Amino acid sequence: MLPLLLASSSTYRRELLSRLRLPFTCRSPDIDESHRPGESALELVKRLAEEKARALADSRPDHLIIGSDQVAVLGERIIGKPHTFEKAREQLLAASGASVTFLTGLALLNSRTGHCQIDCVPFTVHMRTLDEARIERYLRAEQPYDCAGSFKAEGLGVSLFRRTEGPDATSLVGLPLIRLTDMLLAEGVQIP
């Protein structure tokens with residue numbers, strides 16, 4: 001098996017990938033993650049996932065390189081990481097009683113052959129109706145300022161959900177393991 005490289009500095013993605021019990025290393029790609037004019041959310045996450053994987057290909061020949069990127073979409077609007085309490089509060093107020101769809105782009109690049117598999121896995125969260133006091137209690141307790149949508153699904157954020165739907169719950173955290181397993185199997189990786 002070619003060595004596996006996760007093109008990410010995300011602790012969430014690292015923790016998810018470790019579930020597959022495969023040896024891997026991590027390295028952060030240096031790419032411009034700006035949204036291009038006219039680019040859809042789907043196009044954005046697929047492009048960024050591929051660019052993250054390809055950014056490390058020259059320095060890591062003979063590797064399987066995993067790139068992933070995620071955006072949250074509320075209505076027609078892409079919502080990113082809030083970074084501050086106030087922006088997180090605004091995001092959760094806007095999402096109250098609504099549905100937020102997370103699009104997770106995934107790429108697996110074989111840097112030896114140049115073959116790249118690319119996909120996007122959607123996951124929708126239907127939010128409870130949230131009042132300001134509940135939002136403030138949640139934000140003070142979990143401080144999810146580095147999470148798109150302003151909540152941590154793997155933590156207390158799940159208490160904000162009415163229900164969820166999608167083919168792979170791990171995609172909500174940022175790395176769709178079911179689809180990644182398909183890609184790895186296609187490259188001859190044995191799991192388990």
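Every value quoted in this text rests on a predicted model; they were computed, and no experiment measured them.

**Description of the overall build of the chain**
The helix and strand tally for the chain stands at six helices and seven strands. For the chain, the α and β elements follow one another from N to C terminus as β-α-β-α-β-β-α-β-β-α-β-α-α. For the chain, the C-alpha radius of gyration of 17 Å lies close to 16 Å, the compact-globule estimate for 192 residues. When the backbone C-alpha atoms are referred to their principal axes, the chain occupies close to 55 × 40 × 25 Å. Within the chain, the fraction of its 192 residues that count as buried is 49%. Considering only intrachain contacts with a sequence separation of at least 6, the fraction spanning at least 24 residues in the chain is 68%. Put simply, the chain shows about 9400 Å² of open surface, and 48% of that area lies on carbon and sulfur atoms. Charge-centre separation for the chain: the mean point of 24 positive side chains lies 4 Å from the mean point of 25 negative side chains.

**With respect to the UniProt feature "site: Important for substrate specificity" (unreviewed entry) in the chain**
UniProt records the feature "site: Important for substrate specificity" (unreviewed entry) at Tyr12, Gln70 and Glu154, using the numbering of this structure. By the element assignment, Tyr12 lies in helix 1 (residues 11-18). If we skip the residues at most four places from it in the chain, Tyr12 touches Asp146, Cys147, Lys152, Glu154 and Val173. Secondary-structure assignment places Gln70 in strand 3 (residues 64-74). Leaving out residues up to four positions away in the same chain, Gln70 has contacts with Arg13, Val45, Phe102, Leu103, Thr104, Ala148, Ser171, Leu172, Val173 and Gly174. Of the polar contacts made by the side chain of Gln70, one reaches the side chain of Thr104; its length is 3.0 Å.

**Quick look at the pairing of strand 6 (residues 116-127)**
Two faces belong to every sheet, and in a regular strand the side chains alternate between them. Taking burial as the measure, the 12 residues of strand 6 include nine buried ones, the bulk of the element. Remark: five residues form the turn of the hairpin made by strand 5 (residues 99-110) and strand 6, two consecutive strands paired antiparallel; Gly114 in that turn has positive phi of roughly 85°. In terms of strand pairing, strand 6 meets strand 7 (residues 161-165) through four bridges, oriented antiparallel. From the neighbouring strand, His126 faces strand 7, where its bridge partner is Arg163.

**A closer look at the packing of aromatic side chains**
The full count for this structure, using the stated rule, is two aromatic pairs. Between the aromatic rings of Phe102 and Phe151, the centroid separation amounts to 5.5 Å while the plane-to-plane angle is 75°, which identifies the pairing as edge-to-face. Taken together, the positions of Phe102 in strand 5 and Phe151 in the loop between helix 4 (132-142) and strand 7 put the pair 49 residues apart, joining distant regions of the chain. An identical accessibility class is assigned to Phe102 and Phe151; each is buried. Here the aromatic rings of Phe151 and Phe161 are separated by 5.0 Å at their centres, their planes lie at 75°, and the arrangement is edge-to-face.

**Overview of the UniProt feature "active site" (unreviewed entry) in the chain**
Taking the numbering used here, the UniProt-annotated feature "active site" (unreviewed entry) corresponds to Asp69. Residue placement: Asp69 occurs in strand 3. For Asp69, the contacting residues outside a window of four places in its chain are Arg13, Glu33, Val45, Leu48, Ala49, Lys52, Leu103, Thr104 and Gly105.

**What about the pairing of strand 5?**
The element strand 5 is extensively covered by neighbouring structure, given that 10 of its 12 residues are classed as buried. Bridge count for strand 3 against strand 5 is 11 bridges, and the pairing is antiparallel. Residue pairing across strands places Asp69 opposite Gly105, the latter belonging to strand 5.

Conventions used here
All residue numbers here refer to positions counted from 1 along the written sequence of the relevant chain. This being a predicted model, a pLDDT of at least 70 is required before a residue's local features are given, and a value of 80 or more before pairs of side-chain atoms are given or counted; all residues contribute to the totals for chains, interfaces and linings. Water and hydrogen atoms were dropped before computing side-chain values, which therefore reflect all heavy atoms in the structure. Numbering goes from the N terminus for both helices and strands, where a helix is a DSSP run of H or I of at least four residues and a strand is a run of E of at least two. When we talk radius of gyration, it's over C-alpha atoms, and the globule rule is simply 2.2 Å times the number of residues to the 0.38. Between buried and exposed lies partly exposed: a residue is buried under 20% and exposed over 50% of the maximum accessible area for its type, with that area taken using a 1.4 Å probe on protein chains only. In what follows, a contact means two residues having at least one pair of non-hydrogen atoms within 4.5 Å. Only the protein chains shown count as covering a residue, and every accessible area follows the Shrake-Rupley method with a 1.4 Å probe. Two residue types count as positive, namely Lys and Arg, and two as negative, namely Asp and Glu; His and chain ends fall outside the count. Every charge is mapped onto a representative atom, which is NZ of Lys, CZ of Arg, CG of Asp or CD of Glu. UniProt positions are given in the numbering used here, feature names are shortened, and annotations may be inferred rather than shown by experiment. Two N or O atoms count as a polar contact when they lie within 3.5 Å, although within protein this holds only if one can serve as hydrogen donor and the other as acceptor, and sequence-adjacent residues are included solely when both atoms are side-chain atoms. By this definition, two strands are paired if DSSP reports at least two bridges between them. Only centres within 6.5 Å qualify two rings of Phe, Tyr or Trp (six-membered ring in Trp) as a pair; their planes then separate them into stacked at under 30 degrees, edge-to-face at over 60, and tilted for everything else.

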